[in-house]
Amino acid sequence: MMLDPAAARQAAGDDAAGTCSSGDDGVSPLVVLGNRLEAGNWSIRSWRRYLADIEAHSGSLSPAERVHWLAAMSRTWARYGWAFNEEALVRLFNVSAAWCAWPLVSTIGQALARRRPLHMAELLRLADAYRHCADSDQAIELLVASLLPQPEAAPLAAAHQELIAWHAARERYGWVDGSDWGDEELLLEPLGHHHLQDFAWQYFDPAIAELCCLPAFESDDQWHAWLDGTYRNGDQWVGAVIHRKWGFIGSVSLIMHGGIGFFYYWFGPDFQGRGYGPRAVRLLLATAAERHGLHTCYAKVYDYNYPSRRALEKLGFEDIQVSAAAPDNNELFYRRGSPAQRAQIAEEIHWLMASMQSHTRPAILLMPSSDRVGSGGN
């Protein structure tokens, strides 16, 4: 974890099993608590001492600090999970849920259920964790089993109906089948309204919106309206990328018309540069080719975004030496598909951008040419 040195020195000499104020010398309470845990070598004793304070201040966690806490909690659970008493178990369960650490929530919830029957709120939280881990089947099974002895439980019935509706919506979106489509680490499923908090945790870096030409969301309502509008167009699949350990880590999107597609993706800052993007895109393009006849795909990237340009090349996309027309002429088009003459490429891009109702227009003329892909300029 990234720790503040001054707070670390203070924590090292603090042997009090006390509470944490709103800031020791102006330092964030969670930073102070993290330093105290660090000074105690993240022992089970230290966790028991400070977990109540961590839960009390869980709402103050910044997105930039989140992954460090999640990593620390995962390590602690793997090493000391068996030693948590019931009170500490419930607190860690609550903190993990507050920070959308859904894989850990599901693991802790199962451990808690082995000790005693789960309360109503805990059952709902565990079902929610399964759903956020792209396993709505398991969430439905849990709710059905919980409803059998108490069919009058309205919150359980409402959650069950909501999950049934999500199942139907996921089938309607059609592109991928949730937990049925993935690899040993990653899963893809449609982005849903229940992903709002997950999305927000990863989308905090303004560079994501800028580089992907996405909105800088100013409210929850704006985000929900954007998602509804995306699906309303009928030509776009926008997906959540779920990591089996970390949960939601980013998003992939594909617009397709007549076997020709256009895609983009983004990942949270803590999960960039790890190869997750290309893997998720391969999964997306493979299923689109297999089930929906995708044969050619385009992408667009800023000319100065060299990491994304290299990632596209690793995915088999080629720089076709076509930029967007002004004022977007710092955007470059990439293509993946069978070799094509330049006239065909021009027709494809113009037709695709028009079909997408995109304001971006390619700076390539619609005229016959025998040039092959990548052999000439604009």
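Heads up: these notes are all about the structure in this document. Because the structure is a prediction, the values reported are computed rather than measured.

Criteria and thresholds
Residues numbered from 1 in each chain as written. Predicted model: local features only at pLDDT ≥ 70, side-chain atom pairs only at ≥ 80, totals over all residues. Heavy atoms only, no water. Phe/Tyr/Trp six-rings, centres within 6.5 Å; stacked < 30°, edge-to-face > 60°. Helix = DSSP H or I, 4+ residues; strand = E, 2+ residues; numbered from the N terminus. Buried < 20%, exposed > 50% of the residue type's maximum accessible area, 1.4 Å probe, protein only. Disulfide = S-S within 2.5 Å. Patch = residues over 30% accessible without salt bridge, like charges linked within 9 Å, V, L, I, M, F, W, Y side chains within 5 Å. Areas by Shrake-Rupley, 256 points an atom, 1.4 Å probe, with all protein chains shown as cover. Salt bridge = Lys/Arg side-chain N within 4 Å of Asp/Glu carboxyl O. Expected span 1.5 Å × (residues − 1). Contact = heavy atoms within 4.5 Å. Pairing = 2+ DSSP bridges.

### Re the packing of aromatic side chains
- Applying the stated criterion across every chain, the model contains 22 aromatic pairs.
- Seen in terms of ring centroids, Trp223 and Trp226 are 6.3 Å apart; in terms of plane orientation they differ by 45°. Their pairing is tilted. Separated by three residues within a single helix, Trp223 and Trp226 lie in helix α12 (residues 220-232), roughly one turn from each other.
- Looking at Trp223, the relative accessible area reads 2%, which means it is buried.

### Quick word on unusual backbone geometry
- Across the junction of Ala326 and Pro327, the peptide omega takes the value 10°, indicating a cis bond.
- Assignment of secondary structure puts Pro327 in the loop between β6 (318-323) and β7 (331-336).
- Not every positive phi belongs to a glycine, and Cys100 is a case in point at roughly 55°.
- Relative to the helices and strands, Cys100 is located in the loop between α5 (86-98) and α6 (102-115).
- Although it is not a glycine, Cys213 sits at a positive phi angle of roughly 55°.
- The exposure class of Cys213 is partly exposed, given its relative accessible area of 46%.

### Points about the state of the cysteines
- Counted according to the given criterion, the structure contains zero disulfides.
- There is no disulfide at Cys212, and the cysteine sulfur nearest it, in Cys213, is 7.6 Å away.

### Comments concerning a nonpolar patch on the surface
- Where nonpolar side chains cluster on the molecular surface, the patch consists of Leu211, Tyr304 and Tyr306 and spans about 300 Å² of accessible area.
- Topologically, Tyr306 is positioned in helix α14 (residues 306-314).

### Topic: the pattern of salt bridges
- Across all of its chains, the model carries 12 salt bridges by this definition.
- A salt bridge links Asp319 to Arg309, with the shortest nitrogen-to-oxygen separation between them at 3.5 Å. Of this pair, Asp319 sits in strand β6 while Arg309 sits in helix α14, and the two are 10 residues apart along the sequence.
- Judged by relative accessible area, Asp319 falls into the buried class, the value being 17%.
- The network of salt bridges with common partners includes Asp183, Glu184, Glu185 and Arg279.

### So, α12
- For α12, built from 13 residues, the straight-helix expectation of 18 Å at 1.5 Å per residue is met to within 8% by its first-to-last C-alpha distance of 18 Å.
- When we look at burial in α12, the residues that qualify are Trp223, Trp226, Leu227, Gly229, Thr230 and Tyr231.
- Each element contacted by the buried residues of α12 is listed here: α9 (154-173), β1 (186-190), α10 (196-202), β2 (236-243) and β4 (260-267).
- Following α12 by one or two positions, Gly234 adopts a phi angle in the positive range, close to 80°.

### Focus on the pairing of strand β3 (residues 247-257)
- The buried fraction of β3 is high, at 11 of 11 residues.
- In this sheet, β3 lies alongside β2 in antiparallel orientation, the contact comprising eight bridges. For Ala240, the partnering residue across the bridge sits in β3 and is Ser251.
- A loop of three residues connects β2 with β3, the two strands running antiparallel in sequence.
- Strand direction decides the pairing type here: β3 and β4, joined by eight bridges, are antiparallel. The residue bridging Leu254 from the neighbouring strand is Phe263, located in β4.
- A loop of two residues connects β3 with β4, the two strands running antiparallel in sequence, and Gly258 in this loop sits at a positive phi of about 55°.

### Focus on helix α13 (residues 276-292)
- Between its terminal C-alpha atoms α13 stretches 23 Å, which fits the 24 Å expected from 17 residues at 1.5 Å a residue.
- Considered for burial, the residues of α13 that qualify are Tyr276, Gly277, Pro278, Ala280, Val281, Leu283, Leu284, Leu285, Thr287 and Ala288.
- Just downstream of α13 lies Gly293, where phi reads positive at about 75°.

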